[in-house]
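Descriptive analysis of the structure
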Amino acid sequence: MVSIKEILAFQSKNKISDIHLITSETPCMRDKTGEIISLDKNELTAEELNQFLEEALEKEELKEIEKNNNGDFGKTIEGIPGRFRINVFKERRGVGMNIRYIPPELPSIKDLSVSNEIVNIINNRSGLLLITGPNNSGKTTLMNSLVDYLNETRKLNIIMFEDPIEYIHERKQSIISQCVIPKNFNDSARQLKSVFRQDADVVCVGEIRGFETMETVLTMCESGYFVIATLHTVDAVQSIERIINMFPPLKKRQLLMQLANELKGVLSQTLVQYKDEYQLIPCREIMLPDDAIKNLIRNGDIQEIYGQMEITTKIGNILFDKYLTKLYENELVSRDTVRQNYHSKSLIKTMLGADILTKEEKDELEE
C-alpha cells in the first residue's frame, strides 16, 4: 500500500495543485487545465484513508476531526519541497481529503502581472485592499506575493492571519508574524483586535468570514493600519454587496460610510485556460474608487458602480469582461474560454460581436 508521504512526494515533484482522496473513489487530481482526472483505477478503502490520516496528522488534529467532522491543516513534510494544505472532511461513505500543494517559491508580483496601480495601493499607510474571487482562483498566492514585495522593499511590521498558514515568510526588510485565525467568528474578531497592541503597520486577513471580522478590519483602517483581506466573490461590485449583506440593518449606514472612506481598491480574479498551453492564467476585475464611486458606496447605489468603472479606465479601473476581451485580442485565450467565463452577455456582445454568443444566448438578449 502506498503511503501518504509517497503521495505528497509525487504531488510536489509534478507540481499538482490538488489531489482528492475519498473513500470508495479512485484517487483524483486537478490537472493544469483545471479538470479533475483519475490517478489510479482502484478505489480507496476506509482503512487506507484512516491510515493516511494517521500518517499525516498529529493526535490533536485527529481529535479535532473526530469532534468537528472536518479540519484544515498546513503541513511541511521533511524531505519534500513545498508545503501542503490538507483539508479533511467526512461524507456519506467515510473520510475525504483534499491536499493542496503550495510551492516553496512564491511567484513575484511581476510574474503575476500585478498592475502599477495595485502596487501603489499597497504602499499606502492606511486603508483596505480586497482580493476576491471564487475558490481556486489564486487569492492566497496573490496576497502572499504582495506581502513578499513589501518584505523586500519596506521596513514594516506585518501581521498575517490565515487558516491554515500556507506560505512561510522569512525576514527580508520587514518583520512578519503569521498567526492561525480561529474558525469561530467571534474568536476571529477577538484575535484580530489584538493587533491594536502589537505596533503593526500592515495586517493581512486570509478570509473575511462575517460582519464582526469586517467591522474590526474597518476599525483597523480608521486607526491607521493598511489591511489586505480576501473574500469569496466573483467580481468587485459583488464584493461590496457581499460586505453590505453581512451587516445587520441598523449597522449598514455606518458601514457604507466607513467602507467609502477606507476602501483603496478591489482586485477580483478568476483563473482561465491559457490558449494552446497546459496552464491557467488570471483574468481580473479591478476597482479603484474615485470620488464618484465613493459617493455611490455611501449612498448604497452599488449597481451603478459598473457604469462608473467603464468611464474611469484611465485610473486603472477595468471590468472583468474587458480584461477577458484583452486576453482574447492578445491571443492569450481562446474564443471558447471567453464563452465559458464572461459575466455580461450584452457587454461581451458589444466588445466582440454577436458571434461570440450561442444561439440561445442571442435569443435571450433579444427577448
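One can find the structure itself at the top, above this paragraph.
These remarks concern the structure in this document. Given the structure is predicted, the values throughout are model-derived calculations rather than measurements.

The next point concerns the overall build of the protein. Counting secondary structure elements, the protein contains 15 helices and 13 strands. Overall size of the protein, expressed as C-alpha extent along the three principal axes, is 60 × 60 × 40 Å. In the protein, buried positions account for 49% of the 367 residues. A sequence separation of at least 24 residues applies to 55% of the contacts in the protein between residues at least 6 apart. Just so you have it, the protein exposes about 18,100 Å², and 46% of that area is on carbon and sulfur atoms.

Quick look at helix H9 (residues 249–262) now. The terminal C-alpha atoms of H9 lie 20 Å apart, and with 14 residues this matches the ideal 20 Å at 1.5 Å per residue to within 8%. Buried residues belonging to H9 abut strand S7 (127–132), helix H7 (211–222), helix H8 (236–246), strand S12 (263–273) and helix H10 (291–299).

Attention now goes to the sheet that holds strand S11 (residues 226–231). In a beta sheet, neighbouring strands are held together by backbone hydrogen bonds and run either parallel or antiparallel to one another. Pairing in this open sheet of seven strands is mixed, and the strands run S9-S8-S10-S11-S7-S12-S13 from one edge to the other. Where the open sheet ends on each side, the last strands, each with one partner, are strand S9 (175–180) and strand S13 (280–287). Going from strand to strand, the sheet's axes swing by 15° on average, the running direction of each strand aside. One ladder, built from six bridges, connects S7 with S11; its direction is parallel. Note that in S11 the partner of leucine 129 across the bridge is isoleucine 228. Along the sheet, H8 makes contact with S7, S11, S12 and S13, crossing S12 at roughly 120°.

Before going further, it helps to examine the packing of helix H1 (residues 4–14) against helix H2 (residues 46–56). Describing two packed helices takes the angle between their axes plus the distance from one axis to the other. In the contact formed by H1 and H2, the axes pass within 9 Å of each other and the chain directions differ by 80°. The angle between H1 and H2 places the two elements in the roughly perpendicular class. For the pair H1 and H2, contact is made by Ile4, Lys5 and Ile7 and by Phe52, Glu55 and Ala56, respectively. Considered class by class, the residues forming the contact of H1 with H2 number four nonpolar, no polar and two charged.

A word on the sheet that holds strand S6 (residues 94–102). Taken together, the six strands give an open sheet; going across it, the order is S3-S2-S1-S6-S5-S4, and neighbouring strands pair in antiparallel fashion. If you trace the sheet from one side to the other, it starts and ends with strand S3 (36–38) and strand S4 (70–75), each paired once. Direction aside, the axes of adjacent strands within the sheet are offset by 20° on average. The sheet contact formed by strand S5 (residues 83–91) and S6 spans nine bridges and is antiparallel. Following the sheet pairing, asparagine 87 is matched in S6 by asparagine 98. With respect to the sheet, H2 is in contact with strand S1 (18–22), S4, S5 and S6, its orientation differing from that of S6 by roughly 45°.

Here the structure, examined in full by the defined rule, presents 12 salt bridges. The closest approach of N and O atoms between arginine 93 and glutamate 91, which form a salt bridge, is 3.0 Å. Assessed through its relative accessible area of 26%, arginine 93 is described here as partly exposed. Here glutamate 91 falls in the partly exposed class, since its relative accessible area comes to 27%. Where aspartate 336 meets arginine 339, a salt bridge forms, and the shortest distance between an N and an O atom there is 3.3 Å.

Turning to the packing of H9 against H10, a few remarks are in order. Two elements in contact, H9 and H10, have axes separated by 8 Å at closest approach and are oriented at 165°. Here H9 is positioned roughly antiparallel relative to H10, judged by the angle of their axes. Relative to H10, the crossing made by H9 is right-handed. Where H9 abuts H10, its residues Arg253, Leu256, Met257, Leu259, Ala260 and Asn261 lie against Lys294, Ile297, Arg298 and Asn299.

Checked against the element boundaries, valine 119 lands in helix H4 (residues 116–122). Given a relative accessible area of 11%, valine 119 falls into the buried group. Leave out the neighbours within four places in its chain, and valine 119 touches Ile109, Val114 and Tyr149.

Structurally, methionine 287 can be placed in strand S13. Taking the C-alpha atoms as reference points, methionine 287 and valine 237, 50 residues apart in sequence, are found 8.2 Å from one another. Residues within four places of methionine 287 in sequence aside, it is in contact with Ala236, Ile240, Leu263, Gly265, Val266, Ile293, Ile305, Met309 and Asn317.

Before going further, it helps to examine the side chain of lysine 75. Tracing the backbone through its elements, the reader meets lysine 75 in strand S4. A polar side-chain atom of lysine 75 sits 2.8 Å from a polar atom in the side chain of glutamate 61. Other than its neighbours up to four places away in sequence, lysine 75 contacts Ala56, Leu57, Glu58, Glu61, Arg83, Phe84 and Ile86.

Calculation criteria
Residues numbered from 1 in each chain as written. Predicted model: local features only at pLDDT ≥ 70, side-chain atom pairs only at ≥ 80, totals over all residues. Heavy atoms only, no water. Helix = DSSP H or I, 4+ residues; strand = E, 2+ residues; numbered from the N terminus. Buried < 20%, exposed > 50% of the residue type's maximum accessible area, 1.4 Å probe, protein only. Contact = heavy atoms within 4.5 Å. Areas by Shrake-Rupley, 256 points an atom, 1.4 Å probe, with all protein chains shown as cover. Expected span 1.5 Å × (residues − 1). Pairing = 2+ DSSP bridges. Axes fitted to C-alpha atoms, helices over the stretch in contact; angles between N-to-C directions. Parallel < 35°, antiparallel > 145°, perpendicular 65-115°, else oblique. Nonpolar A, V, L, I, M, F, W, Y, C, P; charged D, E, K, R; others polar. Salt bridge = Lys/Arg side-chain N within 4 Å of Asp/Glu carboxyl O. Left-handed = near helix turned anticlockwise from the far one by under 90°. Polar contact = N/O pair within 3.5 Å; in protein donor to acceptor, adjacent residues only side chain to side chain.

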